[in-house]
Amino acid sequence: MKDSISVKISTPFKNEFKGKAYYIELPTISGIIGIMPNHIPTISALKNGVIKIKTAEQTFDFEITGGFVRFYNNTCSVSIKDAKTIQKTAV
């Protein structure tokens, strides 16, 4: 992808997702935010909910329990307590 986000979602036990995406949606304590390439730098706490990641090939949905997100320079790092893949669909 020409304009993409490098995404890494990790728990204390393993990496749940690592790859390139063109959109990520996150449940922050202030509400749901969507991040696309070249978004402003962001740091936020996450609440229980669903993270949606859209890549060129698939859409991934992860049910999460709390954590933090940091977005800077088209890199999104998400540290969470726990995650469960609830859906993986082809685009």
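Up top is the structure.
Residues numbered from 1 in each chain as written. Predicted model: local features only at pLDDT ≥ 70, side-chain atom pairs only at ≥ 80, totals over all residues. Heavy atoms only, no water.

## A few points about the pairing of strand 2 (residues 15–21)
Working step 1: Strand direction decides the pairing type here: strand 1 (residues 5–10) and strand 2, joined by six bridges, are antiparallel. Among the inter-strand pairings, Ser6 is bridged to a residue of strand 2, identified as Lys20.
Working step 2: Joining the antiparallel neighbours strand 1 and strand 2 is a turn of four residues. (Pairing = 2+ DSSP bridges. Helix = DSSP H or I, 4+ residues; strand = E, 2+ residues; numbered from the N terminus.)

## Here we look at unusual backbone geometry
Working step 1: A positive phi angle is found at Asn73, which is not glycine, with a value near 55 degrees.
Working step 2: When you line up the elements, Asn73 lands in the loop between strand 7 (58–72) and strand 8 (75–90).
Working step 3: Look at Asn73 and you get exposed, because its relative accessible area is 65%.
Working step 4: A positive phi angle, near 60 degrees, is found at Asn74, a position not held by glycine.
Working step 5: As for its placement among the helices and strands, Asn74 is situated in the loop between strand 7 and strand 8.
Working step 6: Residue Asn74 is classed as buried on the basis of its relative accessible area, which comes to 19%. (Buried < 20%, exposed > 50% of the residue type's maximum accessible area, 1.4 Å probe, protein only.)

## Some details on the environment of Thr65
Working step 1: Mapped onto the elements of the fold, Thr65 is located in strand 7.
Working step 2: On a C-alpha basis, the gap between Thr65 and Asp82 in space is 5.5 Å, while along the polypeptide they are 17 residues apart.
Working step 3: Filtering out sequence-adjacent residues up to four positions away, Thr65 remains in contact with Asn48, Lys81 and Asp82. (Contact = heavy atoms within 4.5 Å.)

## As for the side chain of Thr28
Working step 1: Relative to the elements of secondary structure, Thr28 occurs in strand 3 (residues 23–28).
Working step 2: Here Gly31 takes part through its backbone oxygen, which lies 2.4 Å from a polar atom of the side chain of Thr28.
Working step 3: Sequence-distant contacts of Thr28, that is, excluding residues within four places in its chain, are made with Ile33, Ser44, Ala45, Leu46 and Lys47. (Polar contact = N/O pair within 3.5 Å; in protein donor to acceptor, adjacent residues only side chain to side chain.)

## Structural notes on the packing of aromatic side chains
Working step 1: One pass over the structure, following the stated rule, counts three aromatic pairs.
Working step 2: Consider the rings of Phe17 and Phe62, whose centres lie 6.2 Å apart with planes at 65 degrees: the pair is edge-to-face. Note that Phe17 is positioned in strand 2 and Phe62 in strand 7, a separation of 45 residues in sequence.
Working step 3: Linked through ring pairs, Phe17, Phe60 and Phe62 together constitute an aromatic cluster. (Phe/Tyr/Trp six-rings, centres within 6.5 Å; stacked < 30°, edge-to-face > 60°.)

## Some points on the nonpolar core
Working step 1: Membership of the largest hydrophobic core comes to 20 residues, with the highest contact counts inside it found for Val7, Ile9, Ile24, Ile51, Ile53 and Val78.
Working step 2: Where this core is concerned, the elements lending two or more residues are strand 1, strand 2, strand 3, strand 6 (49–54), strand 7 and strand 8.
Working step 3: No other element matches the five residues that strand 7 contributes to this core.
Working step 4: Apart from the residues within four sequence positions on either side, Val78 is in contact with Lys8, Ile9, Ser10, Leu26, Leu46, Ile51, Phe68 and Val69. (Core = buried A, V, L, I, M, F, W, Y, C linked by side-chain atoms within 4.5 Å.)

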